[in-house]
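Per-entry structural report
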Amino acid sequence: MKQYSPISLYIHIPYCASKCHYCDFVSCVGNETEIKQYLLLLEKEIGMYRNLMKNRPIKTIFFGGGTPSLIPGQEMMWLMKVIRNAFNLMPEAEVSVEANPGQMNQRKLHAYRESGINRISFGLQAIQDPLLNILGRKHNAEAFYQQVTKARQEGFWDINADIIFGIPGQEMEDWLETIQYVTSMELPHLSCYGLTYEEGTRIFEMMKSGFIDPLGEDLEWLMFRKTIEILQEKGYVHYEISNYSKPGYQCRHNLTYWKNEEYLALGIAAHGYLNGIRYENVDKAKDYESMLKQKIYPVFTRERVSDDDWVKETMFLGLRLREGISLKEFKKKHNQSCLHLFEKEIQELIQQKLVWRDGERIKLTEKGFDLANQVLVCFA
Amino acid sequence: MSANRQTKTRNFSIIAHIDHGKSTLADRLIEHTGLVSHRDMKEQLLDNMDLERERGITIKLQTIRLNYKAKDGEEYRLNLIDTPGHVDFTYEVSRSLAACEGAVLIVDAAQGIEAQTLANVYLALEQDLEIIPVINKIDLPSARVEEVKKEIEDVIGLDTEGIPLISAKEGINIGDVLEAVVQRIPAPKGDEAAPAKALIFDSIYDNYRGVIGYIRMMDGELKKGMHIKMMAGKKEFEVTEVGLFSPGPIEQESLKAGDVGYVAASIKDVRNCRVGDTITDAKRPTEKPFPGYRKVVPMVYCGVYPAEGEKFEDVKDALEKLQVNDAALVFEHETSAALGFGFRCGFLGLLHMEIMQERLEREFDLDLVTTAPSVIYQIYKTDGEMVSIQNPANMPKPQEISKIEEPIVRASVMVQNDYVGSVMELCQERRGAMISMDYLDKNRVTLQYELPLNEVIFDFFDALKSKTRGYGSLDYEMMGYRESKLVKLDILINGEQVDALSFIVHESKAYERGKQMCEKLKDEIPRHQFAIPLQAAIGQKIISRETIRALRKDVTAKCYGGDISRKRKLLEKQKEGKKRMRQVGSVEVPQKAFMSVLKLDS
């Protein structure tokens, strides 16, 4: 039964035109030749998983990065063909690509659409140039507007914009303006992230040395609350802590993560989850290349998820969703009762009014969304 | 040989202010005499604990036998007895000096004489030692050899004609030191035929041989099989081994008058082999033990608790093991409502306390919470009873107290002229009363103050260092007890009194300290889902208050792509942190909060 369940596919493109100040993903600045060579290596890696994936139809693909939109149109068509030839891609599969506004011309958009990609996720982040500068982003709102228009002309309807609140210097008005801007374009999906300062990033260093000040919890909280309120008014469903969509436009790929389902991951530093094992690919281009040339899986670490961790993951991932965790589905998946297993935690959280029981579901309350970390940590 | 035995022996110590290069010189002497080659030399051989090397101070004494062929062509046996370099260990220093006939006094060529230089010189003079001044670090650009010479002459009154001018670090003129030791330090003059008489100047515990006493033979002879008696401790033992260190222990047939070495006698408890005690022949005892023996008494106490409750037994075990090696450490069981089961430990001073804490954590891999250090207060109750308390939690109710006395020390601070004002200000702030102020020369001043010990243990040394840009040096000795207006300050978190945070403070400072405590705790305690009041109180009276605001937003936006393992590990780490917090009512207080209040910025 299990081996026939559909799976998601993540492909990591570790190249960027430049590195953003808040980014802590594995990426480096690369040119077109390097990218083409990288795609040839990806082809090898895809080939190595062909047999393992024989009975696992692919329901979603996500090209993440880095900046996948650096891949030229022809190469994307070729890569998608390689994927189709190797794996069983479901006809209704969601195929997303992350893109930087300003890197997509009409021809590329056309080729991408032709290749089978049907969803674009733009990293807009903000529409005010000073804020974009702080983030180290090189585009502007105008470029974004034009590309969305062009993308639509090429038949892309499923479009997301990532926007960020809590940027140093950002005022509530800036944030409302950004929301207003993206909603007026009728984008069906929005990811609204609060800025985090991850160690090792440029922005973390800027904060540590005092060049920028975090906005402060009160304002960030207000921004978070305002986002939920306004987007709901405008017909978006707040379906996950940071994600909003028009009905029917939830990101199915990301739902795979939150529902703790498996996904194949390919490319440098990609993280996958296959046959009960979480693995991480090597993060050095040199290792990736030499391993693939020797026909070795370019995996750096493998970890079989213990039963104990497995149930916890289901909890802390699932609770991120507004729909929460279905007790029935939990039971079906884990063959154990969620309420029984986490009796103490859930009782305490209910008492603290951080989660609530809605029929056969356990969900975050509004306060639970504000303080989600306090909830999730109980399931670690 | 026998005739030459003592005439060709020199027993000496090296004394210095901290950082003036004591251990480095010891290393060079060892190298120079060829005992250990440069290649095999661990940096500072005598400081053999990692901690000692890191902190640059000697904690446990060491002793070593060096064979030196002097310029007169004769072979000499030099016994170098290392001394601990800190005011907490004054007694140990004085006992090691008592085992010598002379001392090499190192003075830093750049810094000149410091408080501990003088304190050590006085100790050496008390023992009637021949003192050889040596000016070290002459290679430094800031070296001011002539001025320092003059300081030595004027302040200490020692002749500096032809004294060794060296750089221990660079190995310059090390031979001069050895020559001076041979020529100037008198040979021991013990009576080999007299009853055995040896001074214990240190002891360590060895897993196989029991307690090893480091001894100086004054008269007579000790050998295997002899029955010995500890004259102060009154216990008797049979000698299982005698020997010397060169550098490792080397068994000898016997130790005779004038020798420095070790004795093992299946002694199980280090408290039966106390520093300062006299060993003699049980059958033919010497008449008079060495004068000045005293049992060391702790001056500073603090609570030591395992960070995780279940490790109580491990802490007990570790303390017992440390005590085996350190007779100055005392501890007894205590219980705190906030911290659970733990121990009240007594130390010689702040440094001793810090070192013990670090050793517990490092050598025994323990995670500890320590409470604010306290001195011993003498409380006279209205019913006439006097109680000594070293734990603020045991303080009687205010209405039962007729008066409180606190320990007072005589502190000497040596400092550059420029900083005299700041030091006086600091001492005044700390309730000090000036005893004297003496100019060593036109630049340097010794200030003597009477200071309450509880002010000294509270961050005084750090404050002194910062007010004098690191130049001020401190030494202190106990003077006695004096009545004082002291109060017990309690801290309440969310309305609950936290016993581990209570401390005793002078009335005039209670308000300020209470305020600082609340402010500090406000930074240390993470925000909760509810607001948390923090209060400082004397009895029922609240004297300060802060509030930790309720947490409004704590949500991480993204889920790290597909890197679920990372997310899980992050959550696990957070949970681990939460688990290690102490529950005070419904408030989770990090361990760190209990310790951070030990050092408040003044």
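Just so we're clear, the structure is a prediction, and the values are computed from it rather than from any experiment.

1. Quick look at the overall build of chain B
If you tally the helices and strands in chain B, you get 15 helices and 32 strands. Here chain B holds 602 residues, and the buried ones make up 60% of them. In chain B, of all internal contacts separated by at least 6 residues, the share reaching a separation of at least 24 is 69%. Approximately 25100 Å² of chain B is accessible, and the part contributed by carbon and sulfur atoms is 47%.

2. Regarding the environment of B:Gly261
With respect to the helices and strands, the residue B:Gly261 is situated in strand β14 (residues 260-264). The spacing of B:Gly261 and B:Thr63 is 198 residues in sequence and 7.8 Å in space, taken between C-alpha atoms.

3. Brief notes about the interface of chain B and chain A
Counting residues at the interface gives 28 residues for chain B, matched by 38 residues for chain A. Between chain B and chain A, roughly 3300 Å² of surface is buried when both sides are summed, and carbon and sulfur atoms account for 51% of that area. Our count for the contact surface shared by chain B and chain A stands at eight salt bridges. Residue A:Asp309 is joined to B:Arg568 by a salt bridge in which the shortest nitrogen-to-oxygen separation is 3.7 Å. One can count 17 residue pairs in polar contact (both at pLDDT 80 or more) joining chain B with chain A. Residue classes in the side of chain B that touches chain A are distributed as eight nonpolar, six polar and 14 charged.

4. Notes on helix α10 (residues 420-429) of chain B
For an α-helix, 3.6 residues make a turn, and residues three or four places apart therefore share a direction. Residue and element names in this part refer to chain B. Looking only at α10, the buried set comprises Val420, Val423, Leu426 and Cys427. Along the long axis of α10, the arc covered by the buried residues comes to 125 degrees, so they all point the same way. In this fold, the buried residues of α10 make contact with β22 (401-416), β23 (433-439), β24 (444-452) and α12 (460-467). Positive phi shows up at Arg431, right after α10, with a value of about 65 degrees.

5. Quick word on the pattern of salt bridges
In this structure the tally under the stated criterion is 58 salt bridges over all chains. Among the salt bridges present, the one from A:Lys36 reaches A:Glu75, with a minimum N-O distance of 3.9 Å. Of this pair, A:Lys36 sits in helix α1 (residues 32-49) while A:Glu75 is found in helix α2 (residues 73-86), placing the two residues 39 residues apart along the sequence. Under the relative-accessibility criterion, A:Lys36 is labelled partly exposed at 35%. Taking the shortest distance from any N to any O, the salt bridge between B:Lys137 and B:Asp108 comes out at 3.0 Å. Linking B:Lys137 in the loop between β5 (130-136) and α6 (145-156) with B:Asp108 in strand β4 (residues 102-108), this pair joins segments that are 29 residues apart in sequence. The class for B:Asp108 is buried, based on a relative accessible area of 2%. Connected through shared salt-bridge partners, A:Arg278, A:Glu303, A:Asp309, A:Glu313, B:Arg568 and B:Glu572 make up one network.

6. Here's the deal with the environment of B:Ile228
Residue and element names in this part refer to chain B. Along the chain, the position of Ile228 falls in strand β9 (residues 227-230). Judged by relative accessible area, Ile228 falls into the buried class, the value being 0%. When the C-alpha atoms of Ile228 and Ile279 are compared, they prove to be 6.5 Å apart, with 51 residues separating the residues in sequence. Beyond its immediate sequence surroundings of up to four residues, Ile228 is in contact with Leu222, Lys235, Glu236, Phe237, Val239, Ala265, Ile279, Thr280 and Ala282.

7. A word on helix α5 (residues 141-153) of chain A
Residues and elements named next belong to chain A. Between its first and last C-alpha atoms α5 spans 19 Å; for 13 residues at 1.5 Å apiece the expected length is 18 Å, and the two agree. Along α5, the residues that are buried comprise Ala141, Ala143, Phe144, Gln147, Val148 and Ala151. Angularly, the buried residues of α5 cover 150 degrees about the axis, an arc narrow enough to put them on a single face. Looking at the buried positions of α5, the neighbouring elements they touch are α3 (106-115), β6 (119-125), β7 (158-165) and α6 (172-184).

8. Quick word on the packing of aromatic side chains
One pair of aromatic rings is described through two measures. These are the centre distance and the angle between the planes. Across all of its chains, the model carries 19 aromatic pairs over all chains by this definition. The interplanar angle of 20 degrees and the centroid separation of 6.5 Å between the aromatic rings of A:Tyr49 and A:Tyr279 together place this pair among those described as stacked. Separated by 230 residues along the polypeptide, A:Tyr49 in helix α1 and A:Tyr279 in strand β13 (residues 277-281) bring together distant segments of the chain. Among the aromatic residues, those joined into a cluster by ring pairs are B:Phe201, B:Tyr214, B:Phe245 and B:Tyr262. Positioned above the aromatic ring of A:Phe156 is the side chain of A:Arg113, whose terminal nitrogen or guanidinium carbon lies 5.6 Å from the ring centre.

9. Concerning the confidence of the model for chain B
Low pLDDT marks stretches whose predicted atomic positions should not be read closely. Residue and element names in this part refer to chain B. This prediction gives chain B a mean pLDDT of 86; 92% of its residues lie at or above 70. For residues 43-47, every residue scores under 50 in pLDDT, and the model assigns this stretch 25 contacts once sequence neighbours within four places are set aside. Scored as a whole, the predicted complex attains pTM 0.68, and scored at its interfaces, ipTM 0.86.

10. Focus on the state of the cysteines
All told, the structure shown has zero disulfides over all chains when counted by the stated rule. Unpaired in terms of disulfides, B:Cys345 finds its nearest cysteine sulfur in B:Cys302, a separation of 6.1 Å.

11. A word on unusual backbone geometry
Residues A:Gly65 and A:Gly66 are joined by a peptide bond in cis, for which omega reads 20 degrees. Tracing the chain through its elements places A:Gly66 in the loop between β4 (58-65) and α2. A positive phi angle is found at A:Lys295, which is not glycine, with a value near 60 degrees. Inspection of the secondary structure puts A:Lys295 in the loop between α10 (285-293) and β14 (299-304). Given a relative accessible area of 68%, A:Lys295 falls into the exposed group. The backbone of B:Ser266 sits at a positive phi, close to 50 degrees, despite the residue not being glycine. Here B:Ser266 lies in the loop between β14 and β15 (278-281). Residue classification places B:Ser266 among the partly exposed positions, given a relative accessible area of 40%.

12. Observations concerning the nonpolar core
With 118 residues, the main nonpolar core has A:Phe63, A:Ile83, A:Phe87, A:Leu264 and A:Phe379 as its most contacted residues. Considering each element in turn, this core owes the most residues, eight residues, to α1(A). Split by domain, the residues of this core number at least three in each of domain 1 (7-258) and domain 2 (308-379) of chain A. Apart from residues no more than four positions distant in its own chain, A:Phe87 is found in contact with A:Leu9, A:Ile46, A:Tyr49, A:Arg50, A:Met53, A:Ile58, A:Leu264 and A:Leu266. Within the second largest apolar cluster, 50 residues are counted, among which are B:Val304, B:Leu319, B:Leu329 and B:Tyr476.

13. A word on the sheet that holds strand β17 (residues 361-364) of chain A
Residues and elements named next belong to chain A. Taken together, the three strands give an open sheet; going across it, the order is β15-β17-β16, and neighbouring strands pair in antiparallel fashion. Unpaired on one side and paired on the other, β15 (325-326) and β16 (355-358) mark the two borders of the sheet. Inspection of the sheet shows β15 paired to β17 by two bridges, in the antiparallel sense. Each bridged residue has a counterpart across the sheet, and for Ile325 the counterpart in β17 is Ile362.

Rules of the game
Residues numbered from 1 in each chain as written. Chains lettered and ligands numbered in written order. Predicted model: local features only at pLDDT ≥ 70, side-chain atom pairs only at ≥ 80, totals over all residues. Heavy atoms only, no water. Helix = DSSP H or I, 4+ residues; strand = E, 2+ residues; numbered from the N terminus. Buried < 20%, exposed > 50% of the residue type's maximum accessible area, 1.4 Å probe, protein only. Contact = heavy atoms within 4.5 Å. Areas by Shrake-Rupley, 256 points an atom, 1.4 Å probe, with all protein chains shown as cover. Buried area = accessible area lost by both parts, 1.4 Å probe. Salt bridge = Lys/Arg side-chain N within 4 Å of Asp/Glu carboxyl O. Polar contact = N/O pair within 3.5 Å; in protein donor to acceptor, adjacent residues only side chain to side chain. Nonpolar A, V, L, I, M, F, W, Y, C, P; charged D, E, K, R; others polar. Arc of directions from axis to C-beta. Expected span 1.5 Å × (residues − 1). Phe/Tyr/Trp six-rings, centres within 6.5 Å; stacked < 30°, edge-to-face > 60°. Lys NZ or Arg CZ within 6 Å of the ring centre and 35° of its normal. pLDDT = per-residue confidence, 0-100. Disulfide = S-S within 2.5 Å. Core = buried A, V, L, I, M, F, W, Y, C linked by side-chain atoms within 4.5 Å. Domains from an automatic or database assignment. Pairing = 2+ DSSP bridges.

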